[in-house]
Amino acid sequence: MRSEITFNSNASPAARYVGWAPVPVQVQLADTTGATDPVTVRLRNQNAAQGGQVEFFTSATNTGQAEIELSLPVTGEPADLRIAGVFQRPSSADGDAAVEVVDANTSEVLGVTPLMVRIRKNAATLSDAERDRFLTALATFNDRGRGRYGDFRNVHTEAGSPEAHGSTGFLPWHRNFLLDLERELQAIDPSIAMPYWRFDQPAPSLFTGDFMGVPNPHGTLQFSAVNPLQFWVTDGTPGIVRPVRFNTQTQHANVFSEASTLLLGGQDAQYEAFRQLEGNPHGTAHTSFGGSISSIPTAVKDPLFFLLHANVDRLWAKWQWHFQRFDVESTDTFPAQGKAGDPGANRVGHNLDDTMWPWNQVTTPPRPPTAPGGTLAPSPLTSAPGLSPEVGALIDYQGVLTPPTRLGFDYDDVPFEFPAAS
Ligand SMILES: [Cu+2]
């Protein structure tokens, strides 16, 4: 007798990745030779001592359990359950988590399915192996300027800027931008999750030759001999210019702390006020360096851009969790309801029901004249937010209120929480 598990409604091993939000899972018996009665099985972590850990949810309750018992029909019909990573027990390598299915009566192991609790982590806490896999995937995607990273650089320009900055859509647009790159990197190495730079804490291990580089007296980054970023080119000029304006070994950037940032929206947590974070800490973090990252049209030439923006996105995610801001129909969560052209609406791209450039591939005014990079990269885990998403599809990223909107990423210090019963 053998058991099989399907994650995220996709039988492919490429779908065996979970975060903190419960995902749909099906367990079934395959090869039931000799069996006539339903088989009671127990699901658990194969190794509870190390590696990523998961917990199990029945369809009826929202309480995670370390083990769960199910009755599996001999017809091979699947049983439904949900699985989530155990908060603060993420994986550090692909397949270092595994679900074991045992026969509850005989203790025979019917199947072991490896998976990964894949979580966006603080860059300062990555293992050397996690760091090197990330750098290798990034360098592979850029391919010394011949790869598709150039599309990302060419999106974040003067012409594209009004789509992404200075209004309500700033946070959802950059959430999608990050997600797009992360999915591209995952297509190269599925163990990758975008790391974030906590710019309000010193991150000495990030600003080294082994990771994001150290500027020479001219501001040009120097890398260690094995760092694949040493070959970084995005627009014909090799190298990255990033002079620093703070001591990266002992100080953090001169930005609002996380605690102050989370209060920008006030005690009543209004999105429109919280969005002030676009100035400080976001803009201030950008200008804590000189060089390309300090200016919108060139910022993406420096891959630190994505670690900076992962932290901006994490701050939004933490604010959303802390104040339960997932209801897209609430103006507390997102004030610009409706779409461009409605009375009182924002400019196009900054309203809940607007599609987002460039992923909508629209190049007629008022959109920019080109839309580099095509539609959003797909994911084997979820069809959300769609290939040409609307702004509203980026908000309930964990599927707190509507599970199908789950985008397939989580942060190491932002849990998933079921909504309070109303
Ligand atoms: Cu930007």
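Residues numbered from 1 in each chain as written. Predicted model: local features only at pLDDT ≥ 70, side-chain atom pairs only at ≥ 80, totals over all residues.

J.: Explain the overall build of the chain here, please?
T.: Each helix and strand in the chain was counted, giving eight helices and 11 strands. For the chain, whose C-alpha radius of gyration is 23 Å, the value lies close to the compact-globule estimate of 22 Å for 422 residues. Once the C-alpha set of the chain is aligned to its principal axes, its extents read approximately 75 × 55 × 40 Å. If you take every contact in the chain between residues at least 6 apart in sequence, the share linking residues at least 24 apart comes to 69%. (Helix = DSSP H or I, 4+ residues; strand = E, 2+ residues; numbered from the N terminus. Rg over C-alpha atoms; globule rule 2.2 N^0.38 Å. Contact = placed C-beta atoms within 7 Å.)

J.: Hey, could you run me through the nonpolar core in this one?
T.: Generally speaking, nonpolar side chains in soluble globular proteins are found buried as a group. Judged by nonpolar contacts, the single largest core of 105 residues is most densely connected at Val18, Trp197, Leu307 and Leu308. Considering each element in turn, this core owes the most residues, 11 residues, to helix H8 (residues 304-323). Of the residues that make up this core, three or more belong to each of domain 1 (2-117) and domain 2 (123-405). Setting aside anything within four residues of it in sequence, one finds tryptophan 197 in contact with Ala123, Ala203, Leu206, Leu304, Leu307, Leu308 and Asn311. (Core = buried A, V, L, I, M, F, W, Y, C linked by C-beta atoms within 7 Å. Buried ≥ 20, exposed ≤ 12 C-beta atoms within 10 Å, placed from the backbone. Domains from an automatic or database assignment.)

J.: Looking at this model, I keep getting lost on the domain arrangement of the chain. Mind explaining?
T.: Buried accessible area, meaning the area lost when the parts come together, often serves as the stated size of an interface. One can read the domain layout of the chain as domain 1 (2-117) and domain 2 (123-405). Each of domain 1 and domain 2 was reduced to a C-alpha centroid, and the two centroids are 34 Å apart. Counting residues at the interface gives 11 residues for domain 1 and 10 residues for domain 2. For the side of domain 1 that touches domain 2, the class distribution of residues is six nonpolar, four polar and one charged. (Nonpolar A, V, L, I, M, F, W, Y, C, P; charged D, E, K, R; others polar.)

J.: Explanation requested: the sheet that holds strand S5 (residues 54-57) in the structure shown.
T.: Within a beta sheet, neighbouring strands are joined by backbone hydrogen bonds and run either parallel or antiparallel to one another. The antiparallel open sheet is built from four strands, whose spatial order is S1-S3-S7-S5. At either end of the open sheet lies a strand with only one pairing partner, and these are strand S1 (2-7) and S5. Pairs of neighbouring strands in the sheet enclose a mean axial angle of 35°, with direction left out of account. Across four bridges, S5 lies against strand S7 (residues 79-85) in antiparallel orientation. Within the sheet, the bridge partner assigned to phenylalanine 56 lies in S7 and is isoleucine 83. (Pairing = 2+ DSSP bridges. Axes fitted to C-alpha atoms, helices over the stretch in contact; angles between N-to-C directions.)

J.: What's the story with the environment of alanine 123 in this structure? I'm lost.
T.: Locating alanine 123 in the fold gives a position in the loop between strand S9 (109-117) and helix H1 (128-142). Setting aside residues up to four positions removed in sequence, alanine 123 forms contacts with Pro195, Tyr196, Trp197, Ala203, Leu206 and Leu307.

J.: Hey, could you run me through the packing of helix H4 (residues 170-188) against H8 in this one?
T.: Between two packed helices, both the angle of their axes relative to each other and the distance between the axes serve to describe the pair. Look at H4 against H8: their axes get within 10 Å of each other, and the N-to-C directions meet at 130°. Taken together, the axes of H4 and H8 lie oblique to each other. Crossing of H4 against H8: the hand is left-handed. Counting all contacts with H4, which are made through Leu171, His174, Arg175, Leu178 and Leu181, the residues of H8 involved are Phe306, His309, Ala310, Val312, Asp313 and Trp316. Considered class by class, the residues forming the contact of H4 with H8 number seven nonpolar, two polar and two charged. (Parallel < 35°, antiparallel > 145°, perpendicular 65-115°, else oblique. Left-handed = near helix turned anticlockwise from the far one by under 90°.)

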